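# Structure at a glance
For reference, the chains in residue letters:
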Amino acid sequence: MELISFRKEFLDFINNLEIEAYYEFYLFGSILNNNYFIDIDILILYSDYEELKKVKKSINNGFFDKLPHLTCLTFNEELELNFIRKTNSQHIGTINNKT
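Below is a summary of the structure that appears in this document. None of these values were measured; they are calculated from a predicted model.

## Side note on a nonpolar patch on the surface
Residues Tyr36, Ile38 and Leu67 make up a contiguous nonpolar surface patch of about 370 Å² in total accessible area. Position of tyrosine 36 relative to the elements: it lies in the loop between β1 (22-28) and β2 (40-46). Here tyrosine 36 falls in the exposed class, since its relative accessible area comes to 62%.

Next up, the structure:
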């Protein structure tokens, strides 16, 4: 699967999740640099830890054949670590269902 088709499939998937908080999703790692990759590295920025468990389970079940490796950080942790810049992560999508 190529990067463009994965991004579209993943974006469709997360847009159909029934979640109530704010999330941002990013790709990083070999999928961005190579046509060949073994796994897919996904960064999830989250604000609700309890709901994050459901999001992770959904992604792992929905994409188990693509071996997702999920890195989960709060928004504050990302600011401290500057993970997105250091890994040249690419934004996939945002979910903002916060009431």
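Now, onward.
## Description of helix α1 (residues 3-15)
Given a rise of 1.5 Å per residue, 13 residues ought to cover 18 Å, and the 18 Å separating the end C-alpha atoms of α1 matches this to within 8%. Taken together, the buried positions of α1 are occupied by Phe6, Phe10 and Ile14. The buried residues of α1 occupy an angular sector of 60° when the element is viewed end-on, so they sit on one face. Facing away from the buried side of α1, by more than 90 degrees, are the exposed residues Ile4 and Lys8. The inward-facing, buried residues of α1 contact β1, β2, α2 (49-62) and β4 (90-96).

## Topic: the pairing of β1
Most of β1 is tucked away, with six of its seven residues classed as buried. Of the pairings in the sheet, the one linking β1 to β4 comprises six bridges and is antiparallel in character. Bridging from a neighbouring strand, glutamate 24 pairs with threonine 94 of β4. The pairing of β1 with β2 spans six bridges and is classified as antiparallel. Directly across from phenylalanine 28, in β2, lies its bridge partner aspartate 41.

## Brief notes about the sheet that holds β2
Judged by pairing direction, the sheet is mixed, and its four strands sit side by side in the order β3-β2-β1-β4 without closing on themselves. At either margin of the open sheet sits one strand with a lone partner, and together these are β3 (68-74) and β4. The sheet shows a mean angle of 20° between the axes of neighbouring strands, direction not considered. Against the sheet, α1 makes contact with β1, β2 and β4, and its axis sits at roughly 10° relative to β4, the strand it touches most.

Rules of the game
- Residues numbered from 1 in each chain as written.
- Predicted model: local features only at pLDDT ≥ 70, side-chain atom pairs only at ≥ 80, totals over all residues.
- Heavy atoms only, no water.
- Patch = residues over 30% accessible without salt bridge, like charges linked within 9 Å, V, L, I, M, F, W, Y side chains within 5 Å.
- Areas by Shrake-Rupley, 256 points an atom, 1.4 Å probe, with all protein chains shown as cover.
- Salt bridge = Lys/Arg side-chain N within 4 Å of Asp/Glu carboxyl O.
- Helix = DSSP H or I, 4+ residues; strand = E, 2+ residues; numbered from the N terminus.
- Buried < 20%, exposed > 50% of the residue type's maximum accessible area, 1.4 Å probe, protein only.
- Expected span 1.5 Å × (residues − 1).
- Arc of directions from axis to C-beta.
- Contact = heavy atoms within 4.5 Å.
- Pairing = 2+ DSSP bridges.
- Axes fitted to C-alpha atoms, helices over the stretch in contact; angles between N-to-C directions.

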